[in-house]
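These are the residues of each chain, in order.
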Amino acid sequence: MNSHVALPLAAAALMTVIACSRDNTTPAVKSGTASAEVQPASPAATPPTANVVTITATNYKFDAPASIPAGLTTIHLVDDAGLHQATLIRLTDGKTVADLGTALQKPGPLPSWAVPSGGPNPPHPNGGVAEVTEMLVPGNYAIICFVPDPDGTPHFAKGMISPLTVTPVSTASAAEPVADVVVTLSDYSFKFSTPLTAGKHVIRVDNAGPQLHELFLARLAPGKTAGELAAWVDKQAGPPPAEPMGGVSMLAPGGHAYIPVDLTPGQYGIFCFEPDAKDGKPHVAHGMMQQITVQ
Ligand SMILES: [Cu+2]
């Protein structure tokens, strides 16, 4: 109690001393004004909120800021045309986006200097928005789309690979969101902390596996199954048997991110299409998909 009172008084006294020492003619009322200004500044300021960044995707480019501050970040992926994701990959060892582009020309796992760092998975392909909230550490990143065209060419090979600099900040980051559902990814399954229900949720996605995984969420068309969507992705012939609803792209082992969802009752599917570290097959081929009835 005493310390709360003593501090503003000490500050007021200090301000008076400073005002007097700087200018002996300073009227007393002015130092009084200064001390009045000090007091409201001492209580804690409003807590910081997540930075917000918007990435727009079209066939075949990203429109995104060149530089954003580090800390908790909400990424909106606005899809203007086509099925796209905005995967974030942090580049270590001084590597560049051009180095990543070169490395990806060879099949196989990502190089060790490329750290999968989440980012939004595809929303509805024409005007949909996918949202992911995650902690971003400073560094050089690539924004990249691995979604293949029907001819099998991944979109990054058609230009969807862009640099993003995440700059250090001296201020405290916002606190992480409070999730009401946790989904744990492992080799090769999704486990929910509680069944998904209709309405709004904040889902925390945790990669507890020994290799990278993702979560792609889609609302299945009436009568369609998760297996039918997984098969459709291969050829992309005809309309998709589901509506893409985003999710979290490539998370490194131990990585996590948050997605907000607003679900209406129906059938949904969640999928991991990441290539396996051992055999290169997409994880859906290892059973990493789940059909969910939301009521
Ligand atoms: Cu996976």
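The coordinates are above.
Residues numbered from 1 in each chain as written. Predicted model: local features only at pLDDT ≥ 70, side-chain atom pairs only at ≥ 80, totals over all residues. Heavy atoms only, no water.

Comments concerning the pattern of salt bridges
Side chains carrying opposite charge are able to pair once their charged atoms draw close together.
Reasoning step 1: Within the structure shown, the criterion is met by three salt bridges.
Reasoning step 2: Salt-bridge contacts for E228 lead to K224; the nearest nitrogen and oxygen are separated by 3.9 Å.
Reasoning step 3: Assessed through its relative accessible area of 34%, K224 is described here as partly exposed. (Salt bridge = Lys/Arg side-chain N within 4 Å of Asp/Glu carboxyl O. Buried < 20%, exposed > 50% of the residue type's maximum accessible area, 1.4 Å probe, protein only.)

A short note on the sheet that holds strand β3 (residues 67-69)
Pairing between the strands of a sheet is mediated by backbone hydrogen bonds and can be parallel or antiparallel.
Reasoning step 1: Here five strands make up an open sheet; going across it, the order is β3-β9-β8-β5-β6 and the pairing mixed. Two strands in the sheet have a free side with no partner beyond their single neighbour: β3 and β6 (114-116). When strand polarity is set aside, the average angle formed by the axes of neighbouring strands in this sheet is 35°.
Reasoning step 2: Relative to strand β8 (residues 139-144), strand β5 (residues 87-91) runs antiparallel, the two sharing five bridges. Along β8, the bridge assignment pairs L88 with I143. (Pairing = 2+ DSSP bridges. Helix = DSSP H or I, 4+ residues; strand = E, 2+ residues; numbered from the N terminus. Axes fitted to C-alpha atoms, helices over the stretch in contact; angles between N-to-C directions.)

Brief notes about unusual backbone geometry
Reasoning step 1: Put simply, N59 and Y60 share a cis peptide bond, and its omega is 0°.
Reasoning step 2: Mapping Y60 onto the fold places it in the loop between β1 (51-58) and β2 (61-63).
Reasoning step 3: A cis amide bond, omega 0°, links D187 with the succeeding residue Y188.
Reasoning step 4: Relative to the helices and strands, Y188 resides in the loop between β10 (181-186) and β11 (189-192).
Reasoning step 5: For D93, which is not glycine, the phi torsion reads 55° and is therefore positive.

Re helix α4 (residues 226-235)
Reasoning step 1: Those residues of α4 lying buried are A226, L229, A230, W232 and V233. Taken end-on, α4 shows its buried residues confined to a sector of 160°, consistent with a single buried face. In α4, the exposed residues that point more than 90 degrees away from the buried face are D234 and K235.
Reasoning step 2: Residues of α4 that are buried in the fold lie against β13 (213-220), β14 (242-251), β16 (266-271) and β17 (289-294).
Reasoning step 3: Downstream of α4 by one or two residues, Q236 has phi in the positive range, about 50°. (Arc of directions from axis to C-beta. Contact = heavy atoms within 4.5 Å.)

Examining the coordination of the copper ion
Reasoning step 1: With distances of 2.0 to 2.1 Å, the protein atoms coordinating the copper ion are H213 (ND1), C272 (SG) and H283 (ND1).
Reasoning step 2: Between consecutive donor residues of the copper ion, the sequence gaps follow H-x58-C-x10-H. Here the residue H213 occupies a position in strand β13, and H283 occupies one in the loop between β16 and β17, the gap between them amounting to 70 residues. Per residue, the accessibility class of H213 equals that of H283, and both read buried. (Donors = N, O, S within 2.8 Å, 3.2 Å for Na, K, Ca; no water.)

Things to note about the environment of L88
Reasoning step 1: Mapped onto the secondary structure, L88 falls in strand β5.
Reasoning step 2: Note: C-alpha distance between L88 and S117 (29 residues apart in sequence) is 5.1 Å.
Reasoning step 3: Leaving out residues up to four positions away in the same chain, L88 has contacts with I75, V115, P116, S117, G118, G119, E134, L136, Y141, A142, I143 and L164.

Structural notes on the layout of surface pockets
Reasoning step 1: Estimated volume of the largest pocket: approximately 1200 Å³.
Reasoning step 2: Around the largest pocket, the lining comprises 43 residues; the ones closest to its centre are F146, F273, E274, P275 and P282.
Reasoning step 3: The dominant element in the lining of the largest pocket, judged by the number of residues it contributes, is α4, at four residues.
Reasoning step 4: Each residue belonging to the lining of the largest pocket can be placed in one class, and the counts come to 28 nonpolar, nine polar and six charged. (1 Å grid on protein atoms, 1.4 Å probe; cavity = no way out; pocket = protein on both sides within 12 Å on 5 of 7 lines; lining within 4 Å. Points joined across faces, edges and corners; volume = space filled by probe spheres on them. Nonpolar A, V, L, I, M, F, W, Y, C, P; charged D, E, K, R; others polar.)

A short note on empty space enclosed by the protein
Reasoning step 1: This structure, assessed with the given rule, holds two cavities of 30 Å³ or more.
Reasoning step 2: Roughly 50 Å³ of internal volume is contained in the largest cavity.
Reasoning step 3: In terms of lining residues, the largest cavity is bounded by L83, F216, A218, L229, W232, V233, P240, A242, E243 and P244.
Reasoning step 4: Sorting the residues of the lining of the largest cavity by element identifies β13, α4 and β14 as the ones contributing at least two each.
Reasoning step 5: Residues that form the lining of the largest cavity fall into these classes: nine nonpolar, no polar and one charged.
Reasoning step 6: By volume, the second largest cavity amounts to about 40 Å³.

Structural notes on the packing of aromatic side chains
Reasoning step 1: In total, this model carries four aromatic pairs according to the counting rule given.
Reasoning step 2: For the pair F271 and F273, a centre-to-centre distance of 5.6 Å together with 15° between the ring planes defines the contact as stacked.
Reasoning step 3: On the basis of relative accessible area, F273 is assigned to the partly exposed category, the value being 21%.
Reasoning step 4: Counting every residue linked through ring pairs, the aromatic cluster contains F216, F271 and F273. (Phe/Tyr/Trp six-rings, centres within 6.5 Å; stacked < 30°, edge-to-face > 60°.)

Thoughts on the sheet that holds β13
Reasoning step 1: Pairing in this open sheet of four strands is antiparallel, and the strands run β14-β13-β16-β17 from one edge to the other. Edge positions in the sheet fall to β14 and β17, since each of these pairs with one other strand and no more. Strand-to-strand twist across the sheet, computed as the mean angle between neighbouring axes with direction ignored, equals 20°.
Reasoning step 2: Strand direction decides the pairing type here: β16 and β17, joined by six bridges, are antiparallel. By the bridge assignment for β17, Q267 is matched with T293.
Reasoning step 3: Sheet strands in contact with α4 are β13, β14, β16 and β17, and its direction is about 135° off that of β17.

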